[in-house]
Amino acid sequence: MERILVSACLMGRKVRYDGAAKTSGDALLAVWREEGRLIPFCPEVEGGLPVPRPAAEIEGGAGGPAVLAGAARVLTAQGDDVTGAFLAGAQAALAVARSFDVKVAILKEGSPSCGSLTVYDGTFRGNRTPGHGVTTALLELHGIAVFGEERIADAAARLREIEAFPRPGAGSGDGSGAGQEVPRISPV
Ligand code: SF4
């Protein structure tokens, strides 16, 4: 069975910067949850940031690839540099995804970690700009397809394709990580 990495806030976990959740009522997510496919994960919390925490944006709205390349930082509105925590969270997300052989992720749109179509533009004025969050950029760099919560039907289509043409030995990840350090996350 193919597992799916999901933003923990979409699963009702109160892990956002403001201490709230962004629970998705999507019917497909409910089915996948019933099947035990979903792996809830919050990169910012796993990267070491507290709840609540100051809102953060990628400077200049540059997007996750620029952060991964060291060409942009993630800053709070007060100017504190939280880039290290965002990078650590992205690496932890990749480790968990690999340990479960994840090929599809559903992550919260617009987030500086999880956005897959848009991120905020770095001005803290609520403006979005096209781009990827830091975790999304790292996952996609490693071949994991990321979809926002408005594109769950597209994620389902990708999953059907993957399950119709499985690679030998695919879909067998058990979360053990085969020796690498992996945050202890259980499917739900
Ligand atoms: S980092 Fe991702 S999972 Fe965590 S609160 Fe933000 S959008 Fe949700």
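Look up a bit, the structure's there.
Residues numbered from 1 in each chain as written. Predicted model: local features only at pLDDT ≥ 70, side-chain atom pairs only at ≥ 80, totals over all residues.

Undergrad: If you had to explain the environment of Arg167 to someone new, which residues and values would you point to?
TA: With respect to the helices and strands, the residue Arg167 is situated in the segment after helix 6 (152–164). Expressed as a C-alpha distance, the spacing of Arg167 and Ala95, which sit 72 residues apart in the sequence, is 20 Å. (Helix = DSSP H or I, 4+ residues; strand = E, 2+ residues; numbered from the N terminus.)

Undergrad: How would you explain the site of the ligand if you had to name every residue and give the values?
TA: Every residue near the ligand is listed here: Ser7, Ala8, Cys9, Val15, Arg16, Cys42, Pro43, Glu44, Lys108, Ser111, Ser113 and Cys114. Looking at the shell around the ligand residue by residue, the classes come out as six nonpolar, three polar and three charged. (Near = placed C-beta within 6 Å. Nonpolar A, V, L, I, M, F, W, Y, C, P; charged D, E, K, R; others polar.)

Undergrad: Please set out the nonpolar core residue by residue, giving values where relevant.
TA: Formed by 51 residues in total, the largest nonpolar core has its most connected members in Ile4, Leu5, Ile39 and Ala105. For this core, the element with the highest residue contribution is helix 4 (residues 83–99), accounting for nine residues. If we ignore the near neighbours within four places in the chain, the residues touching Leu5 are Ile39, Phe41, Ala93, Val96, Ala97, Val102 and Ala105. (Core = buried A, V, L, I, M, F, W, Y, C linked by C-beta atoms within 7 Å. Buried ≥ 20, exposed ≤ 12 C-beta atoms within 10 Å, placed from the backbone. Contact = placed C-beta atoms within 7 Å.)

Undergrad: Now, about the sheet that holds strand 5 (residues 104–106): what can you tell me, with residues and values included?
TA: Ordered by their spatial adjacency, four strands build an open sheet running 2-1-5-8, and the pairing between neighbours is parallel. Since the sheet does not close on itself, it has two edges, and those belong to strand 2 (38–41) and strand 8 (145–147), each with one partner. Taking the axes of each pair of neighbouring strands and ignoring which way they run, one obtains an average angle of 25° across the sheet. In terms of strand pairing, strand 1 (residues 4–7) meets strand 5 through three bridges, oriented parallel. Considered in strand 5, the bridge of Leu5 is made with Ala105. Running over the sheet, helix 6 touches strand 5 and strand 8 and is turned about 165° from strand 5. (Pairing = 2+ DSSP bridges. Axes fitted to C-alpha atoms, helices over the stretch in contact; angles between N-to-C directions.)

Undergrad: Give a description of unusual backbone geometry that names residues and reports values.
TA: Cis geometry is found at the peptide bond from Val51 to Pro52, where omega equals -5°. Here Pro52 shows up in the loop between helix 2 (43–46) and strand 3 (56–58). Positive phi, close to 55°, is recorded for Asp101, a residue that is not glycine. Looking at the element boundaries, Asp101 is found in the loop between helix 4 and strand 5. Phi is positive for Phe124, close to 60°, though the residue is something other than glycine. Along the polypeptide, Phe124 turns up in the loop between strand 6 (118–120) and strand 7 (128–130). Phe124 gets classed as partly exposed once you count the C-beta atoms within 10 Å, which come to 14.

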